[in-house]
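# Architecture at a glance
So the chains spell out like this:
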Amino acid sequence: MASAVDASGDPIPTSAVLMSSAKHIGLKCREENMAFLRCKKQDPNPEKCLDKGQQVTRCVLGLLKDLHQRCTKEMDEYVGCMYYNTNEFELCRKEQEAFEKACPLE
């Protein structure tokens, strides 16, 4: 795995990419996720919450693209480590620290 994005710069949301970016996603896409969860709680019919789900997806993909543009090297190294080590955070702490230093949680 060479990069978290494809040739056109669009994020590839693999498990390693999503796990590596989980803290950022939880912080930046919190409102969209909460709206989706509230919708699902009110109505278990999947069709009723498609728009909320699309808002979550849009938020996550936009965030991934932004993170990769701002911290390309650090994100790619962290994602690569997570991919190689089957998403074991404990084996990638050095890369995680570098990524979070380059792209701090805001």
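Residues numbered from 1 in each chain as written. Predicted model: local features only at pLDDT ≥ 70, side-chain atom pairs only at ≥ 80, totals over all residues. Heavy atoms only, no water.

Take the state of the cysteines next. Enumeration according to the criterion identifies four disulfides in this entry. Here Cys39 engages in a disulfide with Cys49; their sulfurs sit 2.0 Å apart. Judged by the sign of its S-S torsion, about -95 degrees, the cystine formed by Cys39 and Cys49 is left-handed. Here Cys49 lies in the loop between helix H3 (30-42) and helix H4 (50-70) and Cys39 lies in helix H3, a separation of ten residues in the sequence. Judged by relative accessible area, Cys49 falls into the buried class, the value being 1%. Disulfide partner of Cys81: Cys92, at an S-S distance of 2.1 Å. (Disulfide = S-S within 2.5 Å. Helix = DSSP H or I, 4+ residues; strand = E, 2+ residues; numbered from the N terminus. Buried < 20%, exposed > 50% of the residue type's maximum accessible area, 1.4 Å probe, protein only.)

The tally for this structure, following the rule as stated, stands at one aromatic pair. With a centroid separation of 5.7 Å and 40 degrees between ring planes, the pair formed by Tyr78 and Phe99 is classed as tilted. Of the two residues, Tyr78 sits in helix H5 (residues 72-84) while Phe99 sits in helix H6 (residues 93-102), which places them 21 residues apart along the sequence. Exposure class is identical for Tyr78 and Phe99. Each is buried. (Phe/Tyr/Trp six-rings, centres within 6.5 Å; stacked < 30°, edge-to-face > 60°.)

Glancing now at the side chain of Ser20. Mapped onto the elements of the fold, Ser20 is located in helix H1 (residues 15-20). A polar contact is formed between the side chain of Ser20 and the backbone oxygen of Ala16, at a distance of 2.7 Å. If we skip the residues at most four places from it in the chain, Ser20 touches Tyr78, Val79, Met82 and Phe99. (Polar contact = N/O pair within 3.5 Å; in protein donor to acceptor, adjacent residues only side chain to side chain. Contact = heavy atoms within 4.5 Å.)

Between its first and last C-alpha atoms H5 spans 18 Å; for 13 residues at 1.5 Å apiece the expected length is 18 Å, and the two agree. Turning to H5, its buried residues number three or more, namely Met75, Asp76, Tyr78, Val79, Cys81 and Met82. On its buried face, H5 is in contact with H1, H4 and H6. Backbone geometry just downstream of H5 places Thr86 in the positive-phi region, at approximately 50 degrees. (Expected span 1.5 Å × (residues − 1).)

All right, on to the side chain of Asn85 then. Tracing the sequence through the fold places Asn85 in the loop between H5 and H6. You can call Asn85 buried: its relative accessible area is 19%. In this view, Asn85 contacts Leu91 and Cys92; residues no more than four positions away in its chain are not counted.

With that settled, consider the pattern of salt bridges. Scanning all chains against the criterion turns up five salt bridges. A salt bridge links Asp10 to Lys65; its shortest N-O distance comes to 3.5 Å. In this pair, Asp10 is assigned in the segment before H1 and Lys65 in helix H4, connecting sequence segments 55 residues apart. A relative accessible area of 31% means that Lys65 is categorised as partly exposed. The closest approach of N and O atoms between Lys73 and Glu77, which form a salt bridge, is 3.3 Å. (Salt bridge = Lys/Arg side-chain N within 4 Å of Asp/Glu carboxyl O.)

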